[in-house]
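# Chains, contacts and geometry: an overview
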Amino acid sequence: MSVSRNILLASSAIVCAVSSQAEAAAQTRQFSIDAQPAETAISILGRQGDVQVIAARKVTRSIRTNAVRGEMSVGEALDRLLSGTGLAARQLGNGSYAIVTRSPSTTVTSRPVALTRASALTPVSEMTPVAAATAPAAAPEEAMQDAPAQQPEIVVSGFRGSLVRAQDIKRKSINLTESILAEDMAKMPDLNLSESIQRLPGVAISREGGEGRNITLRGFAPDFTRTTLNGMEVPASSDGLDSGGFTINAGRAFDFHIFASELFNRVDVQKTQRASIEEGGIAGTVDLYSAKPFDFNKPQAVISAQGGYNSITRKVDPRVTAMLSDQFADGRVGVLVSAAYSERTVYQEGFGSVRWTSPFVNGDSWADTNPVVSGKPVDCPAADNLDCLWAPRLPRADFFGNNQKRLGLTGSLQFRPTDTLEVSFDGLFSRLENDRLSYNSMEWLLTHGPAGNFVGQTPRSFTIAPDGKQLIAASFDDVTSWYESRHQTSVSKFQQYVASAKWQASDNLKLDVMAGKARDAADREELRFYARSVPHFYSYDFTKNQDVPVLNYGNYDPNNAANFINALTAANRLNKVIKDNFTTKGNLVLEAGNITARTGLAYSRRSVAYSEAQGNLPSFAPQTYLQPFPISNFGKGVVSGGLPTFAVFDFDKVGASNLISDTYTPNTAAGWEVIEKTLGGYGEVTGEFDLGGMVLRANGGVRYVKTNIDSRATIAGSAVSVKRSYDNFLPSLNLALNITPHIVARAAYARSMTRPGLGSLNIAAPTFEYTTRTVGNLGNPDLKPYLSNDYDVGLEWYFSKGGLIAVGLFKKDIISSLSTAVVTKPVPQEYWQAIYADPRYDASYNADPAKVPYTFFQAVNTPGGNSVKGVEVTLNAPFTFLPGVLSYFGVASNYTHVSARDSTGLSPNSYNFTGYFDTGSIGIRVSVNKRDDYLLSEPGGNGHVQERKYGPTHVDLSAYYNITPKLTLTVQGINITNEKERIYGTGDGSQYLGREFSRTGAQWFVGARYQF
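Let us look at the structure shown here. Just so it is clear, the structure is predicted and the values come from calculations on it, not from any experiment.

In terms of helices and strands, the protein carries 10 helices and 54 strands. Taken over C-alpha atoms, the radius of gyration comes to 31 Å for the protein, in line with the 31 Å a tight globule of 1012 residues would show. Projecting the C-alpha coordinates of the protein onto the three principal axes gives extents of approximately 105 × 70 × 55 Å. Buried residues in the protein amount to 58% of all 1012 residues. Across the protein, the fraction of contacts at a sequence separation of at least 24, relative to all contacts at a separation of at least 6, is 73%. Accessible surface, the protein as shown: approximately 38,500 Å² in total, 56% of it carbon and sulfur. Here the protein carries 96 positive and 96 negative side-chain charges, and the mean point of each set is 3 Å from the other.

Structural data, given as structure tokens:
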């Protein structure tokens, strides 16, 4: 840790001079530019030519430029690009040009002009700037008639440059869009995609095992956000990595941690709807883009290697990335391949209760042993007020050890057979493996009453908390240990293949088409044992720490294998979730002056299939298979002095024995499949209008989509398929008003939708009770989607190069939602055969589903719902106005407040703050992410009004130093403060009753990156 600190301190003290300017005009460059609108073409030429080009939007509006291909000077490329357009390029200095209206005397000149830099206040969307100009240059007044007064500017790259480019995308978008761009080839700002996305306003993430997994956007749970990859909606599932849960994700939420971030070069978050954006995300849509060869204007290759160190595991893990891109046949063929491999060892260590409960809630009572009582309980409905006191159910020390391997591969092949046609083939593969050993030292306080048969206990003393509602400390005789050892192996394999084409049929007509297929297969194998002990003394005391108590076992030794006399096999099973998506779509775009009309069709087929299988569950004597606790320094990163150790199972010994059979029996009744087919079409018009000296950009349209559902399962030995359908019209309107060259006002309205969770649609394993004519545990394929009316307004001020102050207000009125209800109705005919085939059914019960209604307990659609309102504030400020070295500092920050009824995953307040120092040769940034506590479930389990999760403050760090233009040293830190994680119940609604308290350690990465 001290070595890392010294490296960072030394790095932050190094200051490098600004690079000298490239002699761009005198060099030849390789150009590959399509015929297209002038604003875009000029930007591409600047990047490919390594120069800065400035063009007033008033000059370039509605003009299309020519294709430019081959090796030539920048001046020659500009001449070819602008030939016949009525525009010309005027050289302002080495590496700097201005686009002006052509007159008889206008020519491209190579004469350098001594000038200052182009104004830092020149808006990116008004003046087309291009990366890589690296020395002073500015435009004479006559060439910049529409630009503000010129002031000094620092040309940016790296992290600051990625912020500038992202803000350019935001500014040019008519709908509200936030973006994250790679700082360089295969170099996203963070090691995990969700950790990058959390830097955006309105985004919060949930971490598992110390790594981001899901995102919450604008207060909505992860299921309300769509995720696309290279243009198509994709699934991504994995097993849980921590104590928060052990289920494979079979829902709509996207698990971002299955991908290495280095495989991607851009992420867009669409916060307001457009008719051309596929439906499904009330919260918004996250668009992921992997790199393509035509993204680069010359051969590129990069390799990076890092070693990761965790402060709790004290182990070093590798992380390696490589990417290669090249173009052939005069730039008409491009190939890109990339690979990323990493290993990660992470321990979650802490203390848990497996929730608190009371004998009264549990339906029993404490054994009548006259314990010594300190404090007074509140009055309650129980016969004995002591029976209403909350106490931990299974107090335990927790260890969850994950050994993770992640491999990602991408390939992209692009063709440009003509200047008007581009064809792409993209593939992505990712494999995430996790091998987890978990150990938990549970003491049986789960049920109450006299001790015996491994349950019950004899109370000796109770200490009641000042609120009179919980046992803050207690001691017992005759407690049984149920020590849990669990081994889980899981694999998530993702693969996607996409073919796409773009055809410029004429100057005004474009067509793009895409077809893609993606599959995610996630499986988990779990083996779990309980070792049960002789009865013994046990006490806990939370008086000094509400999360981790002081424990006392008296004369009992939890590490002695001889103290355990019985073992149970609690789980021996396989679980598998397979998600398949297929999408094909096409869009036709017609441009006519300032108006662009767009229409298109999209067909998608999504399926999710769940299956499980069961192995044998023997009981046996445990002594032979127990071992001392195998983890050194257990709990030292959690609390002072660490956590108590205990005996655990040796899975190698169990595997070498004949205890566990290698065969599994499929549990057909638990399996299910949901198939969802959608066909949608849209019409959309975008226009740009002068409005009293301002420019109004408007986009409006409507989307129609029809959804077909097929829910399948085997019920009582009979195959059942339930098919339903529904359709929706979704209008949208986006307005962006350029009040000044620097100020943009926005307003938007849309009708949006999110389809029901797939678990709500699955019909597997229902319970039909014929004597009471009731139905439970049955999904409802009749469910229609959540519907929302969305409203957005905002104001954005772009100042300096990369400066932004933005305020946005949003409101989402849910007009149709889901709730659980008791409904009496006829049994749908699809279930009749299964009911008649059920051996428990008898005609004498007067329960014939064809004749009498049943009472259903299931999810139903309800009118109205939650109304979510919020405000997002962004402040990005590069300190370019400060002198000398201070000009390389800056901040990127945002704050979000969301107001709504409690809903899953909603944090009322969240903020992100990044402070950085970046010269282009050396840089360091520190990011702080904070969110409020948020709801996990309501009602919570075991009598709790709610179950909630603590909103942590995570601090991450990144630093680099360019030893040479090609070789870079890097240091990165994740969760460098070793933040605590908490899950807790609220008891009667006013309490804090900890369920899990843990830490996963600070993660550090030190490495090098070489770009060829």
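The term disulfide refers to a covalent linkage connecting the sulfur atoms of a pair of cysteines. Evaluation of the coordinates by the stated rule reveals one disulfide. Two residues, Cys-380 and Cys-388, share a disulfide whose sulfurs are 2.1 Å apart. The chirality of the disulfide connecting Cys-380 with Cys-388 is right-handed, given an S-S dihedral of about 90 degrees. For Cys-388, a relative accessible area of 14% translates into the label buried.

Before going further, it helps to spend a moment on the pattern of salt bridges. A full pass over the atoms with the stated rule returns 54 salt bridges. We note a salt bridge from Glu-872 to Arg-218, for which the minimum N-O separation is 3.0 Å. Of this pair, Glu-872 sits in strand E44 (residues 867-878) while Arg-218 sits in the loop between strand E10 (211-217) and strand E11 (225-229), and the two are 654 residues apart along the sequence. One exposure class covers both Glu-872 and Arg-218, and it is buried. Asp-580 is the salt-bridge partner of Arg-519, the closest N and O atoms lying 2.7 Å from each other. In this pair, Arg-519 is assigned in strand E26 (residues 509-533) and Asp-580 in strand E29 (residues 564-592), connecting sequence segments 61 residues apart. Residue classification places Arg-519 among the partly exposed positions, given a relative accessible area of 34%. A residue is classified by how much of its surface remains accessible, and Asp-580, at 11% relative accessible area, is buried. Shared partners join several salt bridges into a network, and the residues in it are Asp-34, Arg-69, Arg-332, Arg-416, Asp-419 and Glu-422.

Buried within helix H4 (residues 74-82) we find Val-74, Gly-75, Ala-77, Leu-78, Leu-81 and Leu-82. An end-on view of H4 places all buried positions within 160 degrees of arc, on one side of the element. Of the residues flanking the end of H4, it is Gly-84, one or two places downstream, whose phi is positive at about 80 degrees.

Packing of helix H2 (residues 38-49) against H4 brings their axes to within 11 Å, and their N-to-C directions diverge by 165 degrees. When the axis of H2 is compared with that of H4, the two are roughly antiparallel. The two elements H2 and H4 meet at a crossing, and its hand is right-handed. Listed contacts from H4 to Ala-41, Ile-42, Leu-45 and Gly-49 of H2 are Val-74, Ala-77, Leu-78 and Leu-81. Residue classes in the contact of H2 with H4 are distributed as seven nonpolar, one polar and no charged.

A grouping of Leu-324, Phe-328, Val-335, Val-337, Leu-413, Phe-415 and Phe-425 is seen on the molecular surface, where their side chains present a nonpolar patch of about 560 Å² in accessible area. Elements supplying a minimum of two residues to the nonpolar patch: strand E16 (316-328), strand E17 (333-352) and strand E21 (396-418). Here Phe-425 is to be found in strand E22 (residues 421-443).

Relative to the helices and strands, Gly-452 is located in the loop between E22 and strand E23 (458-464). A residue is classified by how much of its surface remains accessible, and Gly-452, at 37% relative accessible area, is partly exposed. Separated by 28 residues in sequence, Gly-452 and Thr-480 place their C-alpha atoms 8.9 Å apart.

Okay, H2 next. An ideal rise of 1.5 Å per residue puts 16 Å on 12 residues; H2 measures up with 16 Å between its terminal C-alpha atoms. Of all 12 residues that make up H2, 10 are buried, and the element is covered over most of its length. Three or more residues of H2 are buried, namely Ala-38, Glu-39, Ala-41, Ile-42, Ser-43, Ile-44, Leu-45, Gly-46, Gln-48 and Gly-49. Positive phi appears at Asp-50, one or two residues downstream of H2, with a value of about 60 degrees.

As a further point, take the nonpolar core. Counting residues in each nonpolar core, the largest one holds 81 residues, and the members touching the most others are Ile-197, Phe-259, Leu-288 and Tyr-831. In contact with Ile-197, not counting residues within four places along its chain, are Ile-180, Val-203, Ile-215, Phe-256, Val-267, Val-269 and Val-286. In terms of nonpolar packing, the next biggest core, distinct from the first, is built from 53 residues, Ala-391, Tyr-439, Val-639 and Phe-651 among them.

For the rest of this paragraph, the subject is the packing of aromatic side chains. The relative placement of two aromatic rings is captured by the distance of their centres and the angle of their planes. Evaluation of the coordinates by the stated rule reveals 45 aromatic pairs. Aromatic pair Phe-220 and Phe-224: ring centres 5.5 Å apart, planes at 50 degrees, arrangement tilted. Overall, Phe-220 belongs to the buried group, its relative accessible area being 8%. Residue Phe-224 is classed as buried on the basis of its relative accessible area, which comes to 14%. Aromatic pair Trp-366 and Phe-462: ring centres 5.2 Å apart, planes at 55 degrees, arrangement tilted. Here Phe-462 lies in strand E23 and Trp-366 lies in the loop between helix H7 (359-362) and strand E19 (372-374), a separation of 96 residues in the sequence. Overall, the relative accessible area of 8% leaves Trp-366 in the buried class. For Phe-462, a relative accessible area of 1% translates into the label buried. An aromatic cluster is built from Tyr-347, Phe-399, Tyr-439, Tyr-483, Phe-564, Phe-629, Phe-634 and Phe-646, whose rings are joined through pairwise contacts.

The rules behind these values
- Residues numbered from 1 in each chain as written.
- Predicted model: local features only at pLDDT ≥ 70, side-chain atom pairs only at ≥ 80, totals over all residues.
- Heavy atoms only, no water.
- Helix = DSSP H or I, 4+ residues; strand = E, 2+ residues; numbered from the N terminus.
- Rg over C-alpha atoms; globule rule 2.2 N^0.38 Å.
- Buried < 20%, exposed > 50% of the residue type's maximum accessible area, 1.4 Å probe, protein only.
- Contact = heavy atoms within 4.5 Å.
- Areas by Shrake-Rupley, 256 points an atom, 1.4 Å probe, with all protein chains shown as cover.
- Lys, Arg positive; Asp, Glu negative; His and termini not counted.
- Charge placed at Lys NZ, Arg CZ, Asp CG, Glu CD.
- Disulfide = S-S within 2.5 Å.
- Salt bridge = Lys/Arg side-chain N within 4 Å of Asp/Glu carboxyl O.
- Arc of directions from axis to C-beta.
- Axes fitted to C-alpha atoms, helices over the stretch in contact; angles between N-to-C directions.
- Parallel < 35°, antiparallel > 145°, perpendicular 65-115°, else oblique.
- Left-handed = near helix turned anticlockwise from the far one by under 90°.
- Nonpolar A, V, L, I, M, F, W, Y, C, P; charged D, E, K, R; others polar.
- Patch = residues over 30% accessible without salt bridge, like charges linked within 9 Å, V, L, I, M, F, W, Y side chains within 5 Å.
- Expected span 1.5 Å × (residues − 1).
- Core = buried A, V, L, I, M, F, W, Y, C linked by side-chain atoms within 4.5 Å.
- Phe/Tyr/Trp six-rings, centres within 6.5 Å; stacked < 30°, edge-to-face > 60°.

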